[in-house]
Amino acid sequence: MCGITGWIDFTRDLRQEHATVREMTATLACRGPDSDGVWLSPRAALGHRRLAVIDVEGGAQPLTGGDPGTDRAAADRAAAVLAYNGELYNHQELRGRLTALGHRFRTRSDTEVVLRAHLEWGSEAPRRFDGIFAYAVWDERQGELTLVRDHLGIKPLYWHAYPGGLLFGSEPKALLANPLFRAELDAEGIAELFALPAAPTPGHGVLYGLREVRPGRLLRVTAAGLREERHWTLESRPHTDDEDTTRRTVRTLLAEAVERQLVSDVPLCSLLSGGVDSSAVTALAARARQRAGQGKVTTYSVDFPGSSERAPDDWRTAHDAPFARAAADHIGTLHTSVIVPDDDLLPARDAVLRARDRPGWGEMDASLHLLFREVRRRSTVALSGEAADELFGGYPYFHDPAALAAPAFPWLHGRTTPAALLRPDVAERVRPEEYAADAYTTALAETPRLDGESGHDRRIREIFHLALTRWLPPLLDRVDRVSMSVGLEVRVPFCDPRLVSYLWNVPWSLKAPGGRPKGLLRDAVRDLLPPSVADRPKSGYPSTPAVRYTEVLTERAHALLADPAAPVFDLVDRTAVRRALAEGRPLPSPRTAPNPVGGLDHLVQLDEWLRAYRVGLR
């Protein structure tokens, strides 16, 4: 996986901006530690940092259409240049089609396939792609930039337009390295941070003027302006398969997705928590490797000192370690449980703020960073069970009648968001409740309807669409940004577009037979797993019981209260925070999972972010 950035300007000669483009590219070094490259022309500049996964020796970028090895016309040879971040799982199939059309390749990389596909099919090319990707193609002949993002937005891609030009990059930090873009918050960004931290608006990058290419879409940019197009979307249609056929189809689609995503020229592993999602992916990977005559799968899980003594709750129903070990023993993996020491959390938390470019989830991000850092010592690619709950209805809100009936994002039902801490004058300008209500209404209106569907079936389709388009994106962003901060590529087989498209139309009665959460998935992979794992109730990502972590955050919060210049109190009501701390009440948290330190973490990290990024208020 890689990091990409670039700049187009129709009013200046960007060949004079080499130093700035180099600085933009350098900010993404953690995403691509293996090599870098910059390409410049009068109107366009592209930068690339590479994490070599396929064709380690080849595949250098940015890649131009004029590289040796093609018998296309001379006019085609310098037609386009590509900066690409991703993995194309069907690149061998597409290579064969393109070769038959007259293209000749000089590398084994999927990067070259993406470029040649654009030269052949233009903006229709992404419709043929199966993979995870975010990339930019500059067409020198047409003076057109095309920015493309994968089906579900697994790989990030941000952009900022200004009169006469546009900046883009895998992460906001790349754009912030250019003096044309500054970190500023307006009312919309404040509302996103405080009212909808767990349901962000698609395409909005929090900072003023910062946008994201939406999942399944592409952006075409010329001197005449911008145009957005879809290359993939969910389509509602009647589901005609019976229960047995549905179960077999799910098993086949998931197995095929896992097998395709095992392709790698570097060490690959699997993340194994002991839940049915990650265990299913790991078991299918183990079977595929066995068929290919390859060795055992290496697996990793995360744990904390003292976590086995922690009482379960609605979010974390049981300690992961025994289930991870049972799954590893049953499947036959080489398993490591990564113990995250309490003392390592605070330094990692500070590092993750720079990785995410915005306030995140505090200690949960920090422990994930430490897990990924340990995994990266021996592996470059990891498989994950992310997104299964969104596809099969595994979260508690899918089964809570009150949450389903509420006219709001179901995971926020009955919860107090950090918007409750806004200063009265800020809240009056931001109107967080109205913003959240409007965001929900907009999200609901985007649901692809099925003619004749009504009642619970109609509502559950809406909930699945909200989960896939509002709940899942911040989870995928978290995994991408934290993993790439240590140069680790995480692949998510459950996000395979064929599997997602199929499951979108499977009715609730088949997804949760007999009311069993994720019953369809459990039944589809039951033969691969021990019963204790196949039937294990949903248990969320664990948080640490570290006492010292809470103590340090509390000390930092009190220090902020004593600082008259603390920027966080330009937004937050100082008196409300002081009162809550004095009374021992937890502050409202941006997380949906129960966590008494989550609100404190958010407050302190918000102040750290405002300072570190010199964020202005607009």
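Q: Even after reading the chapter, I still don't get helix 6 (residues 187-194), so can you show me in this structure?
A: For helix 6, the buried fraction is high: six of the eight residues fall into the buried class. Looking only at helix 6, the buried set comprises Gly-189, Ile-190, Ala-191, Glu-192, Leu-193 and Phe-194. Buried-residue contacts for helix 6 involve strand 10 (184-185), helix 14 (424-430), helix 15 (432-445) and helix 23 (598-612).

Q: Help me out: how do you make sense of the packing of aromatic side chains in this one?
A: Describing an aromatic ring pair means giving the distance of the ring centres and the angle of the ring planes. Summed over all chains, the structure comprises 17 aromatic pairs. Ring centres 5.3 Å apart and planes at 50° place the aromatic pair Tyr-397 and Trp-411 in the tilted group. Of this pair, Tyr-397 sits in the loop between helix 12 (388-392) and helix 13 (401-405) while Trp-411 sits in the loop between helix 13 and helix 14; the two residues are 14 residues apart in sequence, bridging distant segments of the chain. Each member of the pair, Tyr-397 as well as Trp-411, carries the same accessibility label: buried. Sitting above the plane of the Trp-121 ring, Arg-128 keeps its charged end 3.9 Å from the centroid. Sitting over the face of the ring of Phe-464, Lys-511 holds its NZ or CZ atom 3.6 Å from the ring centroid.

Q: Explanation requested: the sheet that holds strand 9 (residues 165-169) in the structure shown.
A: The pairing of strands in a sheet happens through backbone hydrogen bonds and is either parallel or antiparallel. Taken together, six strands build an open sheet; the order of strands is 2-3-1-9-8-11 and the sheet is antiparallel. Edge strands, defined here as strands with exactly one partner in the open sheet, are strand 2 (35-40) and strand 11 (211-212). Across five bridges, the pairing between strand 8 (residues 158-162) and strand 9 is antiparallel. Paired with Ala-161 across the two strands is Leu-166, which belongs to strand 9. Set on the sheet, helix 1 (residues 18-26) makes contact with strand 1 (2-9), strand 2, strand 3 (44-50) and strand 9; between it and strand 2 the angle comes to about 145°.

Q: Can you walk me through the sheet that holds strand 14 (residues 268-271) in this structure?
A: In space, the five strands of this open sheet follow the order 16-15-14-17-18, with parallel pairing throughout. The open sheet has two edge strands with one neighbour each: strand 16 (334-339) and strand 18 (489-491). Strand-to-strand twist in this sheet, taken as the mean axis angle between neighbours without regard to direction, amounts to 30°. Bridging between strand 17 (residues 381-383) and strand 18 involves three bridges; their strand directions are parallel. Bridge assignment links Val-381 to a residue of strand 18, and that residue is Glu-489. Across the sheet, helix 11 (residues 363-375) touches strand 14, strand 15 (298-303), strand 16 and strand 18, and the angle it forms with strand 15 is around 150°.

Q: In this structure, what is going on with the environment of Ala-187? I would like to understand it.
A: By the element assignment, Ala-187 lies in helix 6. The spatial distance from the C-alpha of Ala-187 to the C-alpha of Tyr-208 is 9.0 Å, given a sequence separation of 21 residues. Non-local contacts of Ala-187, meaning those with residues more than four positions away in its chain, are made with Arg-429 and Val-430.

Q: Sorry if this is basic, but what is going on with the pairing of strand 3 here?
A: Along any regular strand, the residues point their side chains to alternate faces of the sheet. Within strand 3, seven of the seven residues are buried, which leaves the element mostly enclosed by the surrounding structure. A two-sided burial pattern is seen for strand 3, the buried positions comprising Ala-44, Leu-46, His-48 and Arg-50 on one face and Ala-45, Gly-47 and Arg-49 on the other. Note: strand 1 against strand 3, seven bridges, orientation antiparallel. What sits directly across from Gly-6, in strand 3, is Leu-46.

Q: Quick question: what am I supposed to make of the side chain of Ser-236 here?
A: In this fold, Ser-236 is placed in the loop between strand 13 (225-230) and helix 7 (243-260). Among the polar contacts listed, one links the side chain of Ser-236 to the backbone oxygen of Pro-448, at a separation of 2.6 Å. Looking at Ser-236, its side chain comes within polar contact range of the side chain of Arg-461, at 3.1 Å. If near-sequence neighbours (up to four positions away) are discounted, Ser-236 is found in contact with Pro-448, Arg-449, Leu-450, Arg-461, Trp-504 and Asn-505.

Q: Mind showing me how you'd approach the packing of helix 21 (residues 547-561) against helix 22 (residues 574-583) here?
A: The description of two packed helices rests on the angle between their axes and on the distance between the axes. Interhelical geometry of helix 21 versus helix 22 gives an angle of 140° and a closest axis separation of 11 Å. As summarised for this structure, helix 21 and helix 22 are arranged oblique, according to the angle between their axes. Here helix 21 runs over helix 22; the crossing is left-handed. Between helix 21 and helix 22, the contacting residues are Ala-557, His-558, Leu-560 and Leu-561 on the first element and Arg-574, Val-577, Arg-578 and Leu-581 on the second.

Q: Even after reading the chapter, I still don't get the nonpolar core, so can you show me in this structure?
A: The nonpolar side chains of a soluble globular protein tend to be buried, and buried together. Formed by 159 residues in total, the largest nonpolar core has its most connected members in Phe-409, Phe-494 and Trp-609. In terms of residue count, helix 16 (residues 455-484) provides more of this core than any other element does, 12 residues in total. When neighbours within four sequence positions are excluded, Phe-409 is seen to be in contact with Leu-196, Ala-199, Ala-436, Ala-439, Tyr-440, Ala-443, Leu-466 and Arg-470. Counting residues in hydrophobic clusters, the runner-up holds 22 residues, among them Ala-79, Tyr-84, Val-114 and Val-137.

Conventions adopted
- Residues numbered from 1 in each chain as written.
- Predicted model: local features only at pLDDT ≥ 70, side-chain atom pairs only at ≥ 80, totals over all residues.
- Heavy atoms only, no water.
- Buried < 20%, exposed > 50% of the residue type's maximum accessible area, 1.4 Å probe, protein only.
- Helix = DSSP H or I, 4+ residues; strand = E, 2+ residues; numbered from the N terminus.
- Contact = heavy atoms within 4.5 Å.
- Phe/Tyr/Trp six-rings, centres within 6.5 Å; stacked < 30°, edge-to-face > 60°.
- Lys NZ or Arg CZ within 6 Å of the ring centre and 35° of its normal.
- Pairing = 2+ DSSP bridges.
- Axes fitted to C-alpha atoms, helices over the stretch in contact; angles between N-to-C directions.
- Polar contact = N/O pair within 3.5 Å; in protein donor to acceptor, adjacent residues only side chain to side chain.
- Parallel < 35°, antiparallel > 145°, perpendicular 65-115°, else oblique.
- Left-handed = near helix turned anticlockwise from the far one by under 90°.
- Core = buried A, V, L, I, M, F, W, Y, C linked by side-chain atoms within 4.5 Å.

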